[in-house]
Amino acid sequence: MVAYPQLRTSADLLQSTIRLEQCVQFLQQQKAEACAIVNSTLYGLMPFWRSMQQASIHAVVGLRVDVAVDDTIMPLVLYAKANDGYQAIVKISSAVSTRADHVLPLKWLQAYQHGTIAMIPYAEGFIEQQTVEAFQQIYTQQTYIGISRPNGVRHITEERTVLLAEALSMPIIATQENRYVQPEQFFAYTVAQAIQTGIKLIDEETYAQPEHFMPTAQQWHDAFRDVPHWLEAASAMLLSCHVTMPEKALMLPQYPLADGVKADEALRELAYAGLAKRLPEATDAYSERLNYELGIIAQMNYSDYFLIVADFMRYAREHNILTGPGRGSSASSLVAYTTFITDVDPLQYDLVFERFLNPERVTMPDIDIDFVDTKRTDVIQYVAQKYGAQHVAQIITFGTLSAKAVARDVARMFNFPPDMLDAISKAIPNKNGVTLDEAYAQSPALQQLVHMSPRHEQWFAVAKELEGLPRNASTHAAGVVLSPKPLVDVIPVEQGHDGVYLTQWPMQEVEAVGLLKIDFLGLRNLTILETIRRSIYYSHGRMLDFEKIPLHNEATFALLQRGDTSGIFQLESAGMKEALRQICPTHFLDVVAVNALYRPGPMDFIPSYARRKHGEEAVVMPHEALRPILQETYGVIIYQEQILKIAAVMAGFTYGEADLLRRAISKKNETVLKEQRGKFVSGAIAKGFDEATARDVYALIERFADYGFPKSHAVAYSYISYYLAYLKANFPANFYAALCTSSIGNQERLHQYIQEAKERGIVVLPPSLHKSQRIFTVENEAIRYGLSAIKGVPQPFLAQLMTVRKQKGTPFTSMYELAIYLSAKHFTQKHIEPLIKAGAFDDFEHDRATLLATMNGAMQHASLYRPDDATPINENVASMRLKYTKVPPLSMKDVLQHEKEALGFYVSAHPVEQLAPENLQGRTTMLQITTIQDGACVKVVGAIEDIRLLRTKKGEQMAFVTLEDETGTISCTIFPQLFAHVGQTLTSGQLVVAEGQIEVRFGKRQLKTKALHHL
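Since we're looking at a predicted model, the values are computed, not measured.

Caption draft 1: Seen up close, the overall build of the chain. Within the chain, the secondary structure is distributed over 42 helices and 22 strands. With respect to the three principal axes, the spread of C-alpha positions in the chain is 100 × 90 × 70 Å. The proportion of buried residues among the 1015 residues of the chain is 55%. A separation of at least 24 residues holds for 71% of the contacts in the chain among residues at least 6 apart in sequence. One way to put it: in the chain the 96 positive side-chain charges average out to a point 4 Å from where the 110 negative ones average out.

This is the structure:
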């Protein structure tokens, strides 16, 4: 029997390649009796603990730390001997991980000595006696010296170390740090280290012999044959460690209240005050529902939780941070509505509270909140400040080496050239979750790369060995935990961002110990909504209240019926647009239904829903008793709430029991299903339904339970969809300006939205030094181009430009004056040239060629009179009327080329507009094509905007070419026969004439090209 005192797992982020499955199998083969995890953090602790328990191997919690002793940093391995030792190690790991240098001062160990064992690893050389004595003074009788003999080789300092141990009466244990399982895995481990450090490989033959493998039982005994008691001491030490991992216990934080005030009472008072404010004339049904919900919440001890969420939602409102109307099942709670956590009235939409909180299935409450993505951090910081930084943390998540990432990373460490890295990326399919083995089977290009040379084969073998290993830690997109006691008493933490700690354990492990998690999600579409609202305020002088937007706006439904939903949350895809055209929404609930239906499975029922809505198909009910439940959706079961109601009406289930039935069906447990089926049928018979009907309806429930979508979530998110549709229909310029702002950095999408705006007749004004803001803005129903969207102009420069513009107060009279205000530090060619090319300096009323020619003179002027920001502005110098350097004007071709270069599209004109009239004769513009019928033959003239090459099933090459004229774009399909003649001559920016037949697909017109020639 052997023990392994120094196991480092792959959770230690490229410090080890040991995967738990492989490790456990090896330990079982060696009949290991104990094993200690000693990573440099507590990453991976819980999976290790569970794996060892399942394999009946004694698990020990350990930690490797670097300790500062005087001016020396020494390695130390700590083990949890008892539960208080485990708590100490959690705190030590947290302390180390929140320090910038990740080094622990020696004196800090004094506070964490109880219940721990210290082992000084003598693997890397001799440690001075005074250092050993310093550790011994802290850990008294619990300090060991660990001696390694990798490959049976004794270190030259071993003899001195043994003498030191004897002199200090310190026990010795046999140890060896394990970073990979087999010696032959040493090279892959070395590559992992190289990826972590960024230092590329040299010839592997120069590397030392492997020392950090997991010795077999025989290797242990052979290496320490002369001192077997060291091996026995290692086992005894590990087996003396007995830690009981804390069992899950719900740890809900308390909301701070005045003395004597109970959370249940405070929540009741808040909820009824909110009901009076939300619904001054609320019926008794609201009071009854509110009273019922408050009773359940109090019974489940969740009042504090609701108060906490309501409090930070209040903070968001008071600080003008837009929040979503609701998310998930929490929107079915009236308490959430009356405490302003959600904006969905559950009684109005017939939502079931038990879908959110089920008294018959006690689980953690789950209220997820959407925030404007630019302000989400503000709310998290508020929570951290209110409850204390020690009680709040964001949740860690781990990135792994995916197929493409590991192939590139390993290739880079192998010193493969850049073109080879690109070839590797292209050879691996862009498919989520694809493995290297799958990629190899699917990609002849990858097979060819692998077999180019023995070195390439080695590269691929190493990449496969490292594939899937954890590579880096980052912050979970939404999760935040709150704890009633300091987090380090429960879980390890590390330094996070913006003053908020980060857990060392991922979400599942954090929830497993009973901590409360709340999801603070940043939703881009809320940011767009807020941007539109502010834009409307500045352009129309009114601040919209989204809750007061009418849900029966004619223009909005006309837009939805056309499927004109680009830029609208959840309704943008081609399939969704087609579904909207089929259904032709006339009511908000139609939007809710289409949001719930448009998913794999339920989307099969979209045609039936549409036909029934339009009276083209009979509305068939499974039973007349279910009409009140299914009438809203024309007899089609769409929502989970409908399933709950059917079970209640037909079989007498409580909503809590019905929710258990729904969950049982989705989990497909046959035993439970049989039991539930019997209960449903007998309940239905007891209510007067015949057995055949009961079985038919139950079969229907079973069929739809997997498909059913939470209506609460569909309603909440449909509000966002509807608000955006309303704004697009009624404030199109503001809508597109906000979309363009949100698309800065995504040239393809930005161009799409600008083109759409133009097609709607909205004028897009060029960038202006004096009128443009950083973002896109609205001027007299036209869109002014935002300076942030000009390529090559950095944000710090724009911030400075906005500052001096505000400081000046009036427009700059010349480029020279601007140069003085900006100073030579900021007025540089790199910053100014893109602005001139984009047309932003046209405000100075000089040709762009002259402006470009004058730029150097203005730079010299600034260098002479104001070299940096610290130099005061001399108004006399600034207002000097200096001459511009006059040169011949740019040709229109050059002007347009510069605009395309700086903006990604043309502003002054379009190249098509510069063509001779005879070249445009008989053409159809892209805008005219939007109204032309399917199958019509047309001739178009345009500039090639994009070329996408592909091959047919027969292997023949063809292309999709996007042509653009001054009114819009169209996708032209170039089939193989035509491509063979013109394919080699197609280049971006080229002007061409294309003739062919219009084809309408998913509501979008394309050109099946029959002929194409260049102009």
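On we go.
Caption draft 2: Layout of the UniProt feature "domain: DNA polymerase helix-hairpin-helix motif" (unreviewed entry) in the chain. Per the UniProt entry, the sites bearing "domain: DNA polymerase helix-hairpin-helix motif" (unreviewed entry) are residues 761-851 in this numbering. Strand forms 9% of residues 761-851 and helix 40%; the C-alpha atoms that close the span are 31 Å apart.

Caption draft 3: Quick look at the nonpolar core. By size, the foremost hydrophobic cluster in this structure holds 137 residues, and its most contacted members are Phe680, Leu727, Leu801 and Phe841. Sorting elements by how many residues they give to this core places helix H31 (residues 711-730) first, with 12 residues. Setting aside chain neighbours within four positions, we find Leu727 in contact with Leu529, Ile532, Ile536, Leu544, Phe546, Pro732 and Phe735. Judged by nonpolar contacts, the second largest core, of 83 residues, contains Cys35, Leu45, Leu106 and Val490.

Caption draft 4: Geometry of the pattern of salt bridges. Counted under the stated rule, the structure contains 48 salt bridges. Note that Asp437 and Lys464 form a salt bridge whose closest N and O atoms lie 3.2 Å from each other. With a gap of 27 residues between them, Asp437 in helix H17 (residues 436-442) and Lys464 in helix H19 (residues 454-466) connect regions that are remote in the sequence. Residue classification places Asp437 among the partly exposed positions, given a relative accessible area of 47%.

Caption draft 5: Highlighting the packing of aromatic side chains. Scanning all chains against the criterion turns up 37 aromatic pairs. Measuring from centroid to centroid gives 6.0 Å for Phe416 and Trp459, while their planes differ by 55°, and the two rings are tilted. One end of the pair, Phe416, is in the loop between helix H15 (403-413) and helix H16 (418-427); the other, Trp459, is in helix H19, with 43 residues separating them in the sequence. Of the two residues examined, Phe416 and Trp459, each falls in the buried class. Joined through ring pairs, the aromatic side chains of Tyr349, Phe546, Phe557, Phe588, Tyr719, Tyr722 and Tyr723 make up one cluster. Looking at Arg99, its charged tip hangs above the ring of Trp108, at a distance of 5.0 Å from the centre. Positioned over the ring face of Phe653 is Lys679, at 5.1 Å from the centre of the ring.

Caption draft 6: Quick look at the sheet that holds strand S17 (residues 782-784). One open sheet accounts for three strands, arranged S15-S17-S16; its pairing is mixed. At either end of the open sheet lies a strand with only one pairing partner, and these are strand S15 (764-765) and strand S16 (777-779). For S16 and S17, the ladder comprises three bridges, and the chain directions are antiparallel. Bridging from a neighbouring strand, Thr777 pairs with Arg784 of S17.

Caption draft 7: Up close: the packing of H15 against H16. One can describe the packing of H15 onto H16 by two numbers: an axis separation of 10 Å at closest approach and a directional angle of 165°. The angle between H15 and H16 places the two elements in the roughly antiparallel class. Note that H15 runs across H16; the crossing there is right-handed. In contact with Lys404, Ala407, Arg408, Ala411 and Arg412 of H15, H16 contributes Leu421, Asp422, Ile424 and Ser425.

Caption draft 8: Quick look at the packing of helix H27 (residues 640-651) against helix H29 (residues 670-686). Contact geometry of H27 with H29 gives a least axis separation of 7 Å together with a crossing angle of 50°. If you check the angle between H27 and H29, you find them oblique. On H29, the residues touching Ala647, Met650 and Ala651 of H27 are Phe680, Gly683 and Ala684. Considering only residue class, the contact of H27 with H29 consists of five nonpolar, one polar and no charged.

Caption draft 9: Fine view of the domain arrangement of the chain. Per the domain assignment, the segments making up the chain are domain 1 (3-178 + 214-240), domain 2 (263-397 + 475-525), domain 3 (403-467), domain 4 (531-724), domain 5 (763-903) and domain 6 (911-1014). The C-alpha-based centres of domain 1 and domain 5 are spaced at 63 Å.

Caption draft 10: Focus on a nonpolar patch on the surface. Nonpolar side chains collect at one region of the surface, where Leu864, Tyr865, Met880 and Leu882 lie side by side and expose about 360 Å² of accessible area between them. Here Tyr865 lies in helix H37 (residues 848-865).

Caption draft 11: Spotlight on the sheet that holds strand S20 (residues 968-974). Strands sit in the order S18-S19-S20-S22-S21 around a closed barrel of five strands; the barrel is mixed. For this sheet, the mean inter-axis angle between neighbouring strands, taken without regard to orientation, is 50°. The sheet contact formed by strand S18 (residues 937-951) and strand S21 (residues 991-1001) spans seven bridges and is antiparallel. Bridging from a neighbouring strand, Cys937 pairs with Gln997 of S21. Running at roughly 115° to S20, helix H33 (residues 747-759) makes contact with S18, strand S19 (957-965) and S20 of the sheet.

Caption draft 12: View of helix H5 (residues 129-139). Buried within H5 we find Thr131, Val132, Ala134, Phe135, Gln136, Ile138 and Tyr139. Here the buried face of H5 lies against strand S3 (58-69), strand S4 (72-80), helix H4 (106-109), strand S6 (116-122), strand S7 (143-147) and helix H6 (158-167). Positive backbone phi, at 40°, marks Thr140, one or two positions downstream of H5.

Caption draft 13: Structural view of the layout of surface pockets. In this structure, the largest pocket encloses a volume near 2,000 Å³. As for the largest pocket, its lining consists of 47 residues, and the residues nearest its centre are Ser566, Gln752, Glu756, Thr969 and Lys1004. The set of elements that each furnish at least two residues to the lining of the largest pocket consists of helix H23 (574-583), H33, helix H41 (926-929), S18, S19, S20 and strand S22 (1004-1014). In terms of residues, the lining of the largest pocket owes the most to one element, H33, which gives nine residues.

Caption draft 14: Summary view of the environment of His826. With respect to the helices and strands, His826 occurs in the loop between helix H35 (815-822) and helix H36 (829-838). For the pair formed by His826 and Ser863, sequence separation is 37 residues and the distance between their alpha carbons is 10 Å. Among residues more than four places away in sequence, those in contact with His826 are Phe797, Gln800, His831 and Asp869.

Caption draft 15: Expanded view of the side chain of His910. Structurally, the position occupied by His910 is in the loop between helix H39 (892-903) and helix H40 (917-920). By relative accessible area, which is 5% here, His910 ends up buried. Once residues lying within four places of it in the same chain are set aside, the contact partners of His910 are Leu896, Ala943, Glu964, Asp965 and Glu966.

Caption draft 16: Molecular detail of the confidence of the model for the chain. For the chain, per-residue confidence averages 90 on the pLDDT scale, and residues scoring 70 or more make up 99% of the total. The secondary structure element of the chain with the lowest average pLDDT is helix H28 (residues 655-667), at 81, and the one with the highest is helix H13 (residues 334-338), at 97.

Caption draft 17: A look at the environment of Ala862. Relative to the assigned elements, Ala862 resides in helix H37. Assessed through its relative accessible area of 0%, Ala862 is described here as buried. Along the backbone, Ala862 and Glu817 are 45 residues apart, and their C-alpha atoms lie at a distance of 8.9 Å.

Caption draft 18: Quick peek at the pairing of strand S10 (residues 392-400). Summarising the sheet, S10 and strand S11 (residues 470-482) pair through eight bridges and their orientation is antiparallel. Bridge pairing in S11 places Ile396 opposite Thr475. Note: S10 against strand S13 (residues 500-503), two bridges, orientation parallel. Its bridge partner lying in S13, Ala393 is registered against Tyr501.

Caption draft 19: Main features of unusual backbone geometry. You will see that Ser56, though not glycine, has its phi angle at about 60°, which is positive. Inspection of the secondary structure assignment puts Ser56 in the loop between helix H2 (45-54) and S3. Positive phi outside glycine occurs at Gln570, with the angle close to 70°. Assignment of secondary structure puts Gln570 in the loop between helix H22 (554-562) and H23.

Caption draft 20: Structural view of the state of the cysteines. Here the structure, examined in full by the defined rule, presents zero disulfides. Free of any disulfide, Cys241 has its nearest neighbouring cysteine sulfur in Cys35, separated by 12 Å. Just so you know, Cys972 is unpaired, no disulfide at all, and the nearest cysteine sulfur is the one on Cys937, 14 Å from it.

Thresholds, definitions, all that
Residues numbered from 1 in each chain as written. Predicted model: local features only at pLDDT ≥ 70, side-chain atom pairs only at ≥ 80, totals over all residues. Heavy atoms only, no water. Helix = DSSP H or I, 4+ residues; strand = E, 2+ residues; numbered from the N terminus. Buried < 20%, exposed > 50% of the residue type's maximum accessible area, 1.4 Å probe, protein only. Contact = heavy atoms within 4.5 Å. Lys, Arg positive; Asp, Glu negative; His and termini not counted. Charge placed at Lys NZ, Arg CZ, Asp CG, Glu CD. UniProt positions renumbered as here; feature names shortened; annotations may be inferred. Core = buried A, V, L, I, M, F, W, Y, C linked by side-chain atoms within 4.5 Å. Salt bridge = Lys/Arg side-chain N within 4 Å of Asp/Glu carboxyl O. Phe/Tyr/Trp six-rings, centres within 6.5 Å; stacked < 30°, edge-to-face > 60°. Lys NZ or Arg CZ within 6 Å of the ring centre and 35° of its normal. Pairing = 2+ DSSP bridges. Axes fitted to C-alpha atoms, helices over the stretch in contact; angles between N-to-C directions. Parallel < 35°, antiparallel > 145°, perpendicular 65-115°, else oblique. Left-handed = near helix turned anticlockwise from the far one by under 90°. Nonpolar A, V, L, I, M, F, W, Y, C, P; charged D, E, K, R; others polar. Domains from an automatic or database assignment. Patch = residues over 30% accessible without salt bridge, like charges linked within 9 Å, V, L, I, M, F, W, Y side chains within 5 Å. Areas by Shrake-Rupley, 256 points an atom, 1.4 Å probe, with all protein chains shown as cover. 1 Å grid on protein atoms, 1.4 Å probe; cavity = no way out; pocket = protein on both sides within 12 Å on 5 of 7 lines; lining within 4 Å. Points joined across faces, edges and corners; volume = space filled by probe spheres on them. pLDDT = per-residue confidence, 0-100. Disulfide = S-S within 2.5 Å.

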